[in-house]
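# Architecture at a glance
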Amino acid sequence: MIFAAAFKVYSTVSCRRFMTDLRDAHAKGMISKLPCYNSIFNYLESEELTPIIRDMIVKSALPLKAIETDFAPDSTGFTSTQLVGTWRAEKYGAKKERVEHAWLKLHVMIGTKTNIVTAIELTERKEHDTTQFKSMFETTAEHFNVERIQADKAYASKANFELIESKGATPFIPFRNDARGNTKNETWNRLFHYYSFRREEFLAIYHRRSNVESTFSSIKRKFGDFVRSKTPTAQINELLLKVLAHNITMVIHSMHELGISPSF
């Protein structure tokens, strides 16, 4: 079920057109039964698949755990079929009144060397980025040796700083313009003064955060910046499968570029 649904999402075409590829996969023994195209829609509707796909995303990143030590979180939107608003208009402002679509908000933690996604959260469009940081960081730290976290100002909070340092990592997160370094929190004050007085050294490491934008660009260019599914469960599964497909392509890329031999 997951193979058929993931292969369909990877193909980026309609189910009817995709069936030629699935018949070829069946002929090569990759699947034991050949479902009809309507069955693939039913697979995407299954809530039972959601936690399995989420776990597969985490596991698909593990072959690169000896390579990745720097990580960056961020979020982006994927437009859905529901007519209420668009991600682009929300982020950059609409120039004129128009019919808009809803979107799902994808939160990820990525390794900045290979752009592999190590943790993921999906929320509604208005959810703030920093609320999803703890779960993604803990999932990443469970499997990887996290040395540094590069994140934008949305993640600058005392709780996040202390969480990062509790795992032996160093946060490289810029402070907002109205931030002060004379609070009651020693961690905040120390990091604020490092950011203020050693700015060049800070920025030399912080610039790796831009790789998370490259990750979003890669996913959207290859697999689309929207979800075709109409129901919430199917939309979630479809978006998770986009990320899983991205991770598989990144592992294959690393096999050729870095010479790794992945073992799952």
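For the structure, check the block above.
Each value, and the rule that gives it
- Within each chain, residues carry numbers counting from 1 in the order of the written sequence.
- It should be noted that, the model being predicted, local features are given only for residues of pLDDT at least 70 and side-chain atom pairs only at 80 or more, the latter also being counted only at that level, while totals for whole chains, interfaces and linings use all residues.
- Each side-chain value is worked out from all heavy atoms of the structure, with water and hydrogens disregarded.
- The disulfide criterion used throughout: a pair of cysteine sulfur atoms within 2.5 Å.
- Note on aromatic pairs: the rings of Phe, Tyr and Trp (six-membered ring only in Trp) are paired at centre separations within 6.5 Å, and the planes decide the class, stacked below 30 degrees, edge-to-face beyond 60, tilted for the rest.
- Helix and strand assignments follow DSSP, with helices taken as H or I runs no shorter than four residues and strands as E runs no shorter than two, numbered in order from the N terminus.
- Any residue under 20% of the maximum accessible area for its type is buried, any over 50% is exposed, and the rest in between are partly exposed; the area is computed with a 1.4 Å probe on protein chains only.
- The set of buried Ala, Val, Leu, Ile, Met, Phe, Trp, Tyr and Cys residues whose side-chain atoms join them within 4.5 Å is what this entry labels a nonpolar core.
- Here a residue-residue contact requires only that any non-hydrogen atoms of the pair lie within 4.5 Å.
- Whether a set of points on the 1 Å grid over the protein atoms alone is a cavity depends on a 1.4 Å probe fitting there but being unable to get out, while an open set qualifies as a pocket with protein on both sides within 12 Å along at least five of seven lines; lining residues are those with an atom within 4 Å of a point.
- Grid points are joined across faces, edges and corners, and a volume is the space filled by probe spheres set on the points.
- The span you would expect from a helix comes to 1.5 Å times its residue count less one.
- Orientation is described by axes fitted as lines to C-alpha atoms, over the contacting stretch for helices, and by angles from 0 to 180 degrees between their N-to-C directions.
- Any angle from 65 to 115 degrees is called roughly perpendicular, while one under 35 is roughly parallel, one over 145 is roughly antiparallel, and all others are oblique.
- Three residue categories are used. Nonpolar comprises Ala, Val, Leu, Ile, Met, Phe, Trp, Tyr, Cys and Pro, charged comprises Asp, Glu, Lys and Arg, and polar comprises the others, including Gly.
- Like charges are joined within 9 Å and nonpolar side chains (Val, Leu, Ile, Met, Phe, Trp, Tyr) within 5 Å, but only among residues with over 30% relative accessible area and no salt bridge; these make up the patches.
- Only the protein chains shown count as cover for residues, and the accessible areas themselves come from Shrake-Rupley with a 1.4 Å probe.
- When a carboxyl oxygen of Asp or Glu is within 4 Å of a side-chain nitrogen of Lys or Arg, the pair counts as a salt bridge.
- In this count, Lys and Arg are taken as positive residues and Asp and Glu as negative ones, while His and the chain termini are left out.
- Where a charge lies is defined by one atom per residue type: Lys uses NZ, Arg uses CZ, Asp uses CG and Glu uses CD.

### Comments concerning the state of the cysteines
On inspection of all chains with the given rule, the structure shows zero disulfides. Cys-15 takes part in no disulfide bond, and the closest cysteine sulfur, belonging to Cys-36, lies 9.1 Å away.

### As for the packing of aromatic side chains
Counted by the stated rule, this structure contains 16 aromatic pairs. For the ring pair Phe-161 and Trp-188, a centre distance of 5.7 Å and an interplane angle of 55 degrees mean the geometry is tilted. Remark: Trp-188 occurs in helix H8 (residues 186–197) and Phe-161 occurs in helix H7 (residues 158–166); sequence separation between them is 27 residues. Residue class for Phe-161 comes out buried when judged on its relative accessible area of 1%. Look at Phe-175 and Phe-192: their rings are 5.3 Å apart centre to centre, the planes differ by 85 degrees, and that puts the pair in the edge-to-face class. Separated by 17 residues along the polypeptide, Phe-175 in the loop between strand S5 (170–172) and H8 and Phe-192 in helix H8 bring together distant segments of the chain. Pair check on accessibility: Phe-175 and Phe-192 agree, each one buried. Ring pairing ties together the aromatic residues Phe-161, Phe-172, Phe-175, Trp-188, Phe-192, Tyr-194, Tyr-195, Phe-202 and Tyr-206, which thus form one cluster.

### Details of the nonpolar core
In summary, soluble globular proteins display a tendency toward joint burial of nonpolar side chains. The biggest cluster of nonpolar side chains holds 37 residues, and the ones touching the most others in it are Leu-22, Ile-40, Ile-57, Leu-106, Val-108, Ile-120 and Leu-241. Considering every element that reaches this core, the biggest residue donor is helix H11 (residues 232–257), with seven residues. Setting aside its immediate chain neighbours within four residues, Ile-120 contacts Arg-54, Ile-57, Leu-106, His-107, Val-108, Met-136, Leu-240 and Val-243. Ranked by size, the runner-up nonpolar core spans 34 residues in total, among them Ala-61, Ile-116, Ala-169 and Ala-179.

### Here we look at the layout of surface pockets
The computed volume of the largest pocket comes to approximately 420 Å³. Forming the boundary of the largest pocket are 19 residues, of which Phe-3, Ala-6, Leu-244, Ala-245 and Ile-248 lie nearest the centre. Of all the elements in the fold, those that place two or more residues in the lining of the largest pocket are helix H1 (2–11), helix H4 (49–60) and H11. If one sorts the elements of the lining of the largest pocket by residue count, H11 sits on top with nine residues.

### Here we look at the environment of Phe-192
Overall, Phe-192 belongs to the buried group, its relative accessible area being 15%. Considered as a pair, Phe-192 and Ser-214 are 22 residues apart in the sequence and their alpha carbons are 28 Å apart. In contact with Phe-192, other than residues within four places in its own chain, are Phe-175, Ala-179, Arg-180 and Gly-181.

### Comments concerning H11
Taking 1.5 Å of rise per residue, the 26 residues of H11 would be expected to cover 38 Å, and the 37 Å separating its terminal C-alpha atoms lies within 8% of that figure. One or two residues past the end of H11 sits Gly-259, with phi positive at roughly 75 degrees.

### Side note on the packing of helix H10 (residues 211–223) against H11
For the pair H10 and H11, interaxial distance at closest approach is 10 Å and the crossing angle is 105 degrees. Accordingly, the angle class assigned to the pair H10 and H11 is roughly perpendicular. From H10, Thr-215, Ser-218, Ile-219, Lys-222 and Phe-223 reach across to H11, where they touch Lys-242, Ala-245, His-246, Thr-249 and Met-250. A breakdown of the residues in the contact of H10 with H11 according to their chemical character gives four nonpolar, four polar and two charged.

### A look at a positive patch on the surface
Together, Lys-153, Lys-158, Arg-176 and Arg-199 make up a positively charged patch on the protein surface. Relative to the helices and strands, Arg-176 resides in the loop between S5 and H8. Using a relative accessible area of 43% as the deciding quantity, one classes Arg-176 as partly exposed.

### Details of unusual backbone geometry
Residue Thr-12 is not a glycine yet carries a positive backbone phi of 65 degrees. Its location among the elements puts Thr-12 in the loop between H1 and helix H2 (15–27). The class of Thr-12 is partly exposed, set by a relative accessible area of 33%.

### Thoughts on the pattern of salt bridges
Side chains that carry opposite charge are capable of pairing whenever their charged atoms lie near each other. Scanning all chains against the criterion turns up 12 salt bridges. Put simply, Lys-105 and Asp-129 hold a salt bridge, and the shortest N to O gap is 3.1 Å. Pair noted here: Lys-105 is in strand S2 (residues 103–111) and Asp-129 is in the loop between strand S3 (117–123) and helix H6 (133–143), with a separation of 24 residues, a long-range link. Neither Lys-105 nor Asp-129 differs from the other in exposure class; each is buried. Here Glu-165 makes a salt bridge to Arg-190, at a shortest N to O gap of 2.8 Å. Of this pair, Glu-165 sits in helix H7 while Arg-190 sits in helix H8, and the two are 25 residues apart along the sequence. If you follow the salt bridges from partner to partner, you end up with Asp-74, Asp-152, Arg-209 and Glu-213 in one network.

Remember that the coordinates give geometry; whether it matters functionally is a separate question.
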